[in-house]
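What follows is the residue order along each chain.
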Amino acid sequence: MEGNWFRSYFRRARNMRQMDINSTFCQMMYICFSPHKLTKTTTMRKTIKHHWSRDDPAFAVMLIAGLGIASLAYAIALTNEGFYGLIKALFSSIVVHFLILGCAIAYINYRVIENHMIKEEIKYSGAGSKVEWLYCFDVHCNSFLPVFLMCYVLQYFLLPVLLYENFISVLISALLNVSALSYYFYITSQGFSALPFLKNTEYFLVPIAGVFLIGIVAVIFRVNITKLIITLHF
């Protein structure tokens, strides 16, 4: 049954006409401005379709398309390697950052939730306590949207400022990356709080403290995070 569901999901990803783009844009707006409304959407999906995860791959497809466009822009601006530079940028952003890292995070969250975060009374009753791996990946997609907007889109337009070797550039770079990653974990916490059988979903906010610490250290030691990332990938 699960295998058939996955095949249907990926089949829809190859056909634009089977994807609800308008609904996806609304969800993206909710993530940016009213994350709590996305929780209501998740609850409605469970009520109507009897599963928590999206059966429409439009959100992931649109993120991949955005990453592709951003990679092209970065490759043109930052590399002289031509087609090879573009392929390297596409592989880094889409395959490594979004898919491989996203699947790894989704799996880790899935195992942590299964083993430690299901409410005791529901775990023993077995009623409605199944965590879907694909929902964990949905949460990653939701959380990745602000990272994409801040660290790919906004950062691109700020490159003329961020690539300077001065304190202001270091500070802006740190603020940008810290804000993006902090929002990632906030949306992650919001996403899992939508599941009524989970407890302690606020623990997903804990990594924000580490993100802030890294940002402070970067500013103190004048480490330009933007330049560091660009050096690693270009």
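As the structure is a computational prediction, the values presented were derived from the model and not from experiment.

Draft legend 1. How the structure looks around a nonpolar patch on the surface. A cluster of nonpolar side chains, Leu213, Ile216, Val217, Ile220, Phe221, Val223, Leu228 and Leu232, forms an exposed patch at the surface whose accessible area comes to about 810 Å². Every element with two or more residues in the nonpolar patch is listed here: helix 9 (207–220) and helix 10 (225–233).

Draft legend 2. Representation of helix 7 (residues 133–162). Over its 30 residues, helix 7 extends only 37 Å from the first C-alpha to the last, a length that falls short of the 44 Å expected when each residue adds 1.5 Å. Of all the bends in helix 7, the largest measures some 60 degrees and sits at tyrosine 156, one to four residues before the proline proline 160.

Draft legend 3. A look at helix 9. With 14 residues, helix 9 should reach 20 Å at 1.5 Å per residue; the first-to-last C-alpha distance of 20 Å fits that figure. Within the sequence span of helix 9, burial applies to Ile208, Val211, Gly215, Ala218 and Val219. On an axial view of helix 9, the arc spanned by its buried residues comes to 95 degrees, and they lie on one face. Relative to its buried face, helix 9 has exposed residues pointing more than 90 degrees away, namely Ala209, Leu213, Ile214 and Ile220. For helix 9, the secondary structure elements touched by its buried residues are helix 8 (167–193) and helix 10. At the C-terminal side of helix 9, arginine 222 shows a positive phi close to 55 degrees.

Draft legend 4. Highlighting empty space enclosed by the protein. Within the structure shown, the criterion is met by one cavity of 30 Å³ or more. If you add up the space inside the largest cavity, you get close to 120 Å³. Lining the largest cavity are 14 residues, with Leu38, Thr42, Tyr135, Asn142 and Gly191 sitting closest to its centre. Taken together, the elements giving at least two residues each to the lining of the largest cavity come down to helix 3 (35–49), helix 7 and helix 8. If you tally residues by element for the lining of the largest cavity, the top one is helix 3, at five residues. Grouping the amino acids of the lining of the largest cavity by side-chain chemistry returns six nonpolar, five polar and three charged.

Draft legend 5. Fine view of the layout of surface pockets. Considered as a void within the structure, the largest pocket measures approximately 770 Å³ in volume. Lining the largest pocket are 28 residues, with His97, Val147, Asn177, Leu181 and Ile229 positioned closest to its centre. Those elements that place two or more of their residues in the lining of the largest pocket are helix 4 (58–78), helix 5 (83–117), helix 7, helix 8, helix 9 and helix 10. Of the residues assigned to the lining of the largest pocket, the class counts are 19 nonpolar, nine polar and no charged.

Draft legend 6. Structural view of unusual backbone geometry. Although it is not a glycine, asparagine 200 sits at a positive phi angle of roughly 60 degrees. Position of asparagine 200 among the secondary structure elements: in the loop between helix 8 and helix 9. On the basis of relative accessibility, which here comes to 30%, the residue asparagine 200 falls in the partly exposed class. Despite not being glycine, arginine 222 shows a phi value in the positive range, around 55 degrees. Relative to the elements of secondary structure, arginine 222 occurs in the loop between helix 9 and helix 10.

Draft legend 7. A look at the packing of helix 8 against helix 9. Running from N to C, helix 8 and helix 9 cross one another at 175 degrees; their axes reach a closest spacing of 9 Å. Here helix 9 runs roughly antiparallel to helix 8, going by the angle between their axes. Taken together, the residues of helix 9 that come into contact with helix 8 (itself represented by Phe167, Val170, Leu171, Ala174, Val178, Leu181, Ser182, Phe185 and Tyr186) are Pro207, Ile208, Val211, Phe212, Gly215, Ala218 and Val219.

Draft legend 8. Seen up close, the pattern of salt bridges. Taken as a whole and judged by the stated rule, the model has two salt bridges. The closest approach of N and O atoms between aspartate 138 and arginine 54, which form a salt bridge, is 3.6 Å. Residue aspartate 138 is found in helix 7, and its partner arginine 54 is found in the loop between helix 3 and helix 4; the two are separated by 84 residues along the sequence. A single burial state applies to aspartate 138 and to arginine 54, both of which are buried. The residue lysine 227 makes a salt bridge to glutamate 165 at a minimum N-O spacing of 2.6 Å. Residue lysine 227 is found in helix 10, and its partner glutamate 165 is found in the loop between helix 7 and helix 8; the two are separated by 62 residues along the sequence. Since its relative accessible area comes to 63%, glutamate 165 is described here as exposed.

So, how was this worked out
Per chain, residue numbering runs from 1 following the sequence as it is written. Only residues with pLDDT of 70 or above have their local features reported here, since the model is predicted, and side-chain atom pairs are shown and tallied only from 80 upward, although totals for entire chains, interfaces and linings are computed over all residues. With hydrogens and water excluded, all non-hydrogen atoms of the structure serve as input to the side-chain values. Patch building starts from residues that exceed 30% relative accessible area and form no salt bridge, then joins like charges within 9 Å and nonpolar side chains (Val, Leu, Ile, Met, Phe, Trp, Tyr) within 5 Å. Here the Shrake-Rupley method, with its probe set to 1.4 Å, supplies the accessible areas, and only the displayed protein chains count as covering residues. Whenever Lys or Arg places a side-chain nitrogen within 4 Å of a carboxyl oxygen from Asp or Glu, that contact is recorded as a salt bridge. Helix and strand assignments come from DSSP, with helices taken as H or I runs of at least 4 residues and strands as E runs of at least 2, each series counted from the N terminus. Helix span, as expected, comes to 1.5 Å for every residue beyond the first. Bend is computed residue by residue as the angle between axes fitted to the seven residues ending at the residue and the seven residues starting at it. Only protein chains enter the accessibility calculation, which uses a 1.4 Å probe. A residue is then buried if its area is under 20% of the maximum for its type, exposed if over 50%, and partly exposed in between. In this description, the arc belongs to the directions extending from the helix axis to the C-beta atoms. Working rule for contacts: check all heavy atoms of both residues, and any pair within 4.5 Å makes them a contact. Using a grid of 1 Å spacing that covers the protein atoms alone, one calls a set of points a cavity when a 1.4 Å probe fits there but cannot get out, and a pocket when the set is open and has protein on both sides within 12 Å along at least five of seven lines; lining residues are those with an atom within 4 Å of a point. Grid points are joined across faces, edges and corners, and a volume is the space filled by probe spheres set on the points. All residues other than Ala, Val, Leu, Ile, Met, Phe, Trp, Tyr, Cys, Pro, Asp, Glu, Lys and Arg, Gly among them, are scored as polar; the first ten of these are nonpolar and the last four charged. For helices, the fitted line uses only the C-alpha atoms of the stretch in contact; every axis is such a line through C-alpha atoms, and the angle between N-to-C directions lies from 0 to 180 degrees. Roughly parallel covers angles under 35 degrees, roughly antiparallel covers those over 145, roughly perpendicular covers 65 to 115, and oblique covers all other angles.

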